[in-house]
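Each chain is listed here by its residues.
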Amino acid sequence: MTLSRHDLLTIGQLAERSGMATSALRYYEKLGLIDAERTTGGQRRYPRATLRRVAFIRAAQRVGLSLDEARTALDRLPGDRAPSSQEWSTVAESWQARIDQQIAELERLKQKLTGCIGCGCLSLSRCALYNAGDRAAAAGPGARYLLTRDPATGPERPTDGP
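Residues numbered from 1 in each chain as written. Predicted model: local features only at pLDDT ≥ 70, side-chain atom pairs only at ≥ 80, totals over all residues. Heavy atoms only, no water.

## Things to note about the overall build of the protein
Note the threshold: Starting at the N terminus, helices and strands are each numbered in turn, a helix being any DSSP run of H or I of at least four residues and a strand any DSSP run of E of at least two. A 1.4 Å probe rolled over the protein chains alone gives each residue an accessible area, and that area as a share of the maximum for its type sets the label: buried under 20%, exposed over 50%, partly exposed in between. It only takes one pair of heavy atoms within 4.5 Å for two residues to be counted as in contact.
In terms of helices and strands, the protein carries 7 helices and 3 strands. Put simply, the protein has 162 residues, and 29% of those count as buried. Look at the contacts in the protein between residues 6 or more apart in sequence, and 46% of them connect residues 24 or more apart.

Here's what the structure looks like:
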């Protein structure tokens, strides 16, 4: 389907309407998140539906999804029209587990922050700055007691992968 020139936005218009920088829009295009038609002079022209896709990408990022995850979700939605409520529900449900994980991580962080600031602990008996033999120092740099999942068992050693 070929759109008329009135149904297309320049990159500047898309940037203004979406609140995104033109460099971000070009990056999204490079990643395959949005698509542009090209004029004979090579200028980008975006269908108006691209505004919805950009808003979707921003919403995905606000809930902590990566751009790859946003692309996966966008691949499940129509590119030329607003998604139906069923299509949107399917995508929204797939985000629930991710949001629940983020909430749990933030709750763990909230609990740890009551006893940890700056270097990761306020304990002179555990702090690597005052106790050179501290086991947290052997676990790696950074706030090891803050980064560990279970402060009662001590700092976790860094892993090589997820």
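Further notes follow.
## With respect to the packing of aromatic side chains
How two aromatic rings sit relative to each other is set out by the distance from centre to centre and by the angle between their planes. Note the threshold: Geometry of aromatic contacts follows a simple scheme: Phe, Tyr and Trp rings, the Trp one being its six-membered ring, pair when their centres are within 6.5 Å, and the pair is stacked under 30 degrees between planes, edge-to-face over 60, tilted otherwise.
Tallying each qualifying case throughout the model produces 3 aromatic pairs. In this structure an aromatic cluster arises from ring pairing among Phe-56, Trp-88 and Trp-95.

## Brief notes about the sheet that holds strand E3 (residues 44-47)
In plain terms, the rule: Any two strands with at least two DSSP bridges between them are considered paired.
Read across the sheet, 3 strands follow the order E1-E3-E2 without closing on themselves; strand pairing throughout is antiparallel. Each edge of the open sheet is held by one strand with a lone partner, namely strand E1 (8-9) and strand E2 (37-38). When E2 meets E3, the two strands line up antiparallel, connected through 2 bridges. By the bridge assignment, Arg-38 is partnered in E3 with Arg-44.

## Describing helix H3 (residues 49-62)
Since the α-helix turns once every 3.6 residues, residues separated by three or four places project in the same direction. Going by this rule: What a helix should span is 1.5 Å times the count of its residues minus one.
End to end, H3 covers 20 Å across 14 residues, agreeing with the expected 20 Å (1.5 Å per residue, within 8%). Within H3 the residues assigned to the buried category are Ala-49, Thr-50, Leu-51, Arg-53, Val-54, Phe-56, Ile-57 and Ala-60. Count one or two residues on from H3 and you reach Gly-64, which has phi positive near 95°.

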